[in-house]
Amino acid sequence: MSALDDLRATAHPIRLRLLSLLTGVAMSAAEAGRELGLSQATASYHLRVLERVGLVEVTEVVRIRGGEAKRYRHLSSARPFAVVPATTSGSGTGDDSDDGAAADERASYVQALADELSRRSPRRTTGPQVSTDAELWVDAETWHRVVRHVGHASALLHAAARRPRTPGTSPVSMTAALFPMKRP
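As the structure is a computational prediction, the values presented were derived from the model and not from experiment.

How each quantity is defined
- Residues numbered from 1 in each chain as written.
- Predicted model: local features only at pLDDT ≥ 70, side-chain atom pairs only at ≥ 80, totals over all residues.
- Heavy atoms only, no water.
- Helix = DSSP H or I, 4+ residues; strand = E, 2+ residues; numbered from the N terminus.
- Buried < 20%, exposed > 50% of the residue type's maximum accessible area, 1.4 Å probe, protein only.
- Contact = heavy atoms within 4.5 Å.
- Areas by Shrake-Rupley, 256 points an atom, 1.4 Å probe, with all protein chains shown as cover.
- Salt bridge = Lys/Arg side-chain N within 4 Å of Asp/Glu carboxyl O.
- Axes fitted to C-alpha atoms, helices over the stretch in contact; angles between N-to-C directions.
- Left-handed = near helix turned anticlockwise from the far one by under 90°.
- Nonpolar A, V, L, I, M, F, W, Y, C, P; charged D, E, K, R; others polar.
- Pairing = 2+ DSSP bridges.
- Parallel < 35°, antiparallel > 145°, perpendicular 65-115°, else oblique.
- Expected span 1.5 Å × (residues − 1).

Caption draft 1: Quick peek at the overall build of the protein. When its secondary structure is counted, the protein shows six helices and two strands. Reading the helices (α) and strands (β) of the protein from amino to carboxyl end gives α-α-α-α-β-β-α-α. Buried positions account for 27% of the 184 residues belonging to the protein. Long-range pairs, those at least 24 residues apart, make up 68% of the contacts in the protein with a sequence separation of at least 6. As presented, the protein carries roughly 12,500 Å² of accessible surface, and 53% of it is formed by carbon and sulfur atoms.

What follows is the structure, encoded as structure tokens:
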């Protein structure tokens, strides 16, 4: 699947919530639906979309009341992080930046991220936190170091994720969107 397919699949608040939920544990559509306050049919639909692009995978099939239930897990974010070298031409992203469909999907994805951040923010409590919003000009070496560090932090957080309400754990939120920009 392409990066555009991933973008399309994640440009929905329910699918972003499912990816977060399924990072710490494998769940069936019914289990995920109960956790997120969704119907099993809604959760199942969104899980199939995520599975189709490879963002979740079936980790087991269990027998429940004479039927079978697939349990899905999101594993990609916990894999070791590697910075992909930027190209030397255009915007430096090496993607389909100029494609109108890609721009529309990126806008939908950014809106879904903003919606998720707005949903989570009222649950904020005391404890270690950091918030950054910046539009800066930096050298390529600094940029690559920052992307690498944030990527490693994301992978660490995803690798440590557990089932909701596991004793000794607390819910946390991380939203990061780092990207190079075209020159004005």
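On we go.
Caption draft 2: How the structure looks around the pattern of salt bridges. As enumerated under the stated definition, the model contains seven salt bridges in all. Among the ionic pairs, Arg71 bridges to Glu31, the shortest N-O distance being 2.9 Å. In this pair, Arg71 is assigned in strand S2 (residues 67-73) and Glu31 in helix H3 (residues 29-36), connecting sequence segments 40 residues apart. Like Arg71, the residue Glu31 is buried in the burial classification. Put simply, Glu31, Glu60 and Arg71 are held in one network by salt bridges that share partners.

Caption draft 3: Structural context of the packing of helix H1 (residues 3-10) against helix H5 (residues 100-120). Closest axis-to-axis distance for the H1/H5 pair is 8 Å, and the angle between their directions is 40 degrees. Note on packing geometry: the crossing formed by H1 with H5 is left-handed. Of H5, the residues touching H1 (which contributes Leu4, Leu7, Arg8 and Thr10) are Ala101, Ala102, Glu105, Arg106, Tyr109 and Ala112. Looking at side-chain class alone, the contact of H1 with H5 contains six nonpolar, one polar and three charged residues.

Caption draft 4: Spotlight on the pairing of strand S1 (residues 57-64). When S1 meets S2, the two strands line up antiparallel, connected through seven bridges. Residue pairing for S2: Val58 is matched across the bridge by Tyr72. Here S1 folds back onto S2 in antiparallel fashion, the turn holding two residues, of which Arg65 has a positive phi close to 45 degrees.

Caption draft 5: Representation of the packing of helix H2 (residues 13-24) against H3. Contact pair H2 / H3: the axes reach a minimum separation of 11 Å and the direction vectors enclose 110 degrees. Taken as axis vectors, H2 and H3 run roughly perpendicular relative to one another. Here Arg17, Leu18 and Leu21 of H2 come into contact with H3, specifically with Ala32, Glu35 and Leu36. Residue classes in the contact of H2 with H3 are distributed as four nonpolar, no polar and two charged.

Caption draft 6: Representation of H5 within the structure. With 21 residues, H5 ought to run about 30 Å at 1.5 Å a step, and its terminal C-alpha atoms sit 30 Å apart, in line with that. Buried residues in H5 make contact with H1 and H2.

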